[in-house]
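Each chain, written out:
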Amino acid sequence: MAGHILVINGPNLNLLGVREPGIYGEKNLESINQELKELSEQKDIQIEFFQSNHEGDIVDRIQAALGNINVIIINAGAFSHYSIAIHDALKAVNIPVIEVHLSNIYAREPFRHHSVISPLASGGIFGFGPLSYKLAVIAACELITG
Ligand code: DQA
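Before going into details, it helps to say that this report is about the structure given with it. (Residues numbered from 1 in each chain as written. Predicted model: local features only at pLDDT ≥ 70, side-chain atom pairs only at ≥ 80, totals over all residues. Heavy atoms only, no water.)

So, the pairing of strand E4 (residues 97-101)
For E4, the tally of buried residues reaches 5 of 5 residues, placing the bulk of the element in the interior. Here E4 shows a buried face lined by Val-97, Glu-99 and His-101 and a second buried face lined by Ile-98 and Val-100. Strand direction decides the pairing type here: strand E3 (residues 71-75) and E4, joined by 3 bridges, are parallel. Paired with Ile-73 across the two strands is Ile-98, which belongs to E4. As a crossover connection, the stretch from E3 through helix H4 (residues 84-93) into E4 is right-handed. Inspection of the sheet shows E4 paired to strand E5 (residues 123-126) by 4 bridges, in the parallel sense. When the bridges of E5 are listed, Ile-98 appears paired with Gly-123. (Buried < 20%, exposed > 50% of the residue type's maximum accessible area, 1.4 Å probe, protein only. Helix = DSSP H or I, 4+ residues; strand = E, 2+ residues; numbered from the N terminus. Pairing = 2+ DSSP bridges. Right-handed = clockwise from strand over helix to strand, strands pointing away.)

Encoded structure:
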């Protein structure tokens, strides 16, 4: 396979489908990931998934990506708005990052308008629900294949 994508989901995203479906949609994370796997495999690109509710575990997973992952797609959930540790880990590994949010964070509460991930990201996709992840995988595949 031509490359390797890592998709990271942060806190509460394991509850997709159950959690505020009016905002986040009705699909669960497993079915979203299954669709992403099909999409990337069509493009001959390997993909793996990681979800955690714990900041340090996300930092550890980002560090472990060094040398074996070509693009990180990350929805850090609430950590997006304040985790300097995740920001620093992404900066340290220097792997291209695509930031994802299901909701349009800029149309929501003011505390969601700022992301500490955005300044490091090659680009970001927000507001399209589960489709945001698919668009991110398409972008990641383009970044890898050129
Ligand atoms: C989110 C937006 C965040 O503000 C929120 O804390 C989440 C999900 C999104 O995907 O829209 O957990 O990242």
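Having put the structure on the table, let's press on.
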